[in-house]
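Structural overview
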Amino acid sequence: MDVTADQTLAQELLTDLREAQTKLEAARSEAASLKVLLALRTHQHDQAWQDGRRLAAALENAEARSEAASVAETVARNHAAAAEAAAMADERTEAVRTVLGAVLASIGPRALDRRRFQDLIARAGREAPDQGPGAARHAVLLTEARRVLGIAE
């Protein structure tokens, strides 16, 4: 019985060893699958992080371009307003010169020929444009002509 019990014990140990080896192989296979899965997830995470960085950089670039466009638009508006103000100032200056020219052309040997002065100013008013910066001439012609003629406003 000793031999048979030893043989039975050896066979049971051999069976247990084979089962342990099968479980070990299954665990190794599962560990290999998990390593592959971990590598895949790590790669996906890295790709997502890099995509996030690229998108953040693209967003910053778009915001910078938008801000630059906004600044350029503001500068263009300010430039246009300054150009229009300068054009209106030039037109007012020209209107004052017209009034002064009319005064000089209307001065006779003894005094100012009021009728001739009024005709010259009326002609200048008809020649002045009704729109744009040149329209500023009308108000200056009227104001300065009244001042020369001594008419209260």
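As for the overall build of the protein chain
Secondary structure assignment for the protein chain yields three helices and zero strands. Over its C-alpha trace the protein chain gives a radius of gyration of 49 Å, far above what one expects of a compact globule, namely 15 Å for 153 residues. Principal-axis analysis of the C-alpha atoms gives the protein chain an extent of 165 × 20 × 20 Å. Within the protein chain, contacts between residues at least 6 apart in sequence are counted, and of these 52% link residues at least 24 apart. A total accessible area of about 12,200 Å² is found for the protein chain, and carbon and sulfur atoms account for 57% of it.

A short note on the packing of helix H2 (residues 114-127) against helix H3 (residues 136-149)
It is at 10 Å that the axes of H2 and H3 come closest, and there the two elements cross at 175 degrees. It follows from the interaxial angle that H2 and H3 lie roughly antiparallel. Two secondary-structure elements touch here, H2 through Arg-114, Phe-117, Gln-118, Ile-121, Ala-124 and Gly-125 and H3 through His-138, Leu-141, Ala-145, Val-148 and Leu-149. Taken together, the residues that form the contact of H2 with H3 break down as seven nonpolar, three polar and one charged.

Examining the confidence of the model for the protein chain
Summing up the model confidence of the protein chain, the mean pLDDT is 89 and the portion of residues at 70 or higher is 97%. Mean pLDDT per element in the protein chain: H3 is the minimum at 89, and H2 is the maximum at 91.

Points about the nonpolar core
Counting residues in hydrophobic clusters, the biggest one holds 12 residues: Ala-95, Val-99, Ala-102, Val-103, Phe-117, Leu-120, Ile-121, Ala-124, Val-140, Leu-141, Ala-145 and Leu-149. Breaking this core down by element, the ones donating at least two residues are helix H1 (2-106), H2 and H3. Once you skip the residues sitting within four places of it in the chain, Ala-95 turns out to touch Arg-137, Val-140 and Leu-141.

Concerning H2
Given a rise of 1.5 Å per residue, 14 residues ought to cover 20 Å, and the 20 Å separating the end C-alpha atoms of H2 matches this to within 8%. Those residues of H2 lying buried are Phe-117, Leu-120, Ile-121 and Ala-124. Buried residues of H2 fall within an arc of 95 degrees about the axis and therefore sit on the same side. Facing away from the buried side of H2 by more than 90 degrees, the exposed set consists of Arg-115 and Arg-126.

What about the pattern of salt bridges?
As enumerated under the stated definition, the model contains six salt bridges in all. Here Glu-91 ties to Arg-137 by a salt bridge, and the two come within 2.5 Å at their closest N and O atoms. Residue Glu-91 is located in helix H1, and its partner Arg-137 is located in helix H3; the two are separated by 46 residues in the primary sequence. For Arg-147, the salt bridge goes to Glu-144, with nearest N and O atoms at 3.2 Å. Of this pair, Arg-147 and Glu-144 both sit in helix H3, three residues apart, roughly one helical turn.

Some remarks on a nonpolar patch on the surface
Residues Leu-34, Leu-37 and Leu-40 make up a contiguous nonpolar surface patch of about 270 Å² in total accessible area. Following the sequence through the fold, Leu-34 ends up in helix H1.

A short note on H3
Owing to its 3.6 residues per turn, the α-helix brings residues three or four apart onto one side. Under the 1.5 Å per step criterion, the end-to-end length of H3 is 20 Å for 14 residues, consistent within 8% with the ideal 20 Å. Residues of H3 that are buried: Ala-136, Val-140, Leu-141, Glu-144, Ala-145 and Leu-149. Taken end-on, H3 shows its buried residues confined to a sector of 165 degrees, consistent with a single buried face. A positive backbone phi angle near 80 degrees is found at Gly-150, which sits one or two residues after H3.

Thresholds, definitions, all that
Residues numbered from 1 in each chain as written. Predicted model: local features only at pLDDT ≥ 70, side-chain atom pairs only at ≥ 80, totals over all residues. Heavy atoms only, no water. Helix = DSSP H or I, 4+ residues; strand = E, 2+ residues; numbered from the N terminus. Rg over C-alpha atoms; globule rule 2.2 N^0.38 Å. Contact = heavy atoms within 4.5 Å. Areas by Shrake-Rupley, 256 points an atom, 1.4 Å probe, with all protein chains shown as cover. Axes fitted to C-alpha atoms, helices over the stretch in contact; angles between N-to-C directions. Parallel < 35°, antiparallel > 145°, perpendicular 65-115°, else oblique. Nonpolar A, V, L, I, M, F, W, Y, C, P; charged D, E, K, R; others polar. pLDDT = per-residue confidence, 0-100. Core = buried A, V, L, I, M, F, W, Y, C linked by side-chain atoms within 4.5 Å. Buried < 20%, exposed > 50% of the residue type's maximum accessible area, 1.4 Å probe, protein only. Expected span 1.5 Å × (residues − 1). Arc of directions from axis to C-beta. Salt bridge = Lys/Arg side-chain N within 4 Å of Asp/Glu carboxyl O. Patch = residues over 30% accessible without salt bridge, like charges linked within 9 Å, V, L, I, M, F, W, Y side chains within 5 Å.

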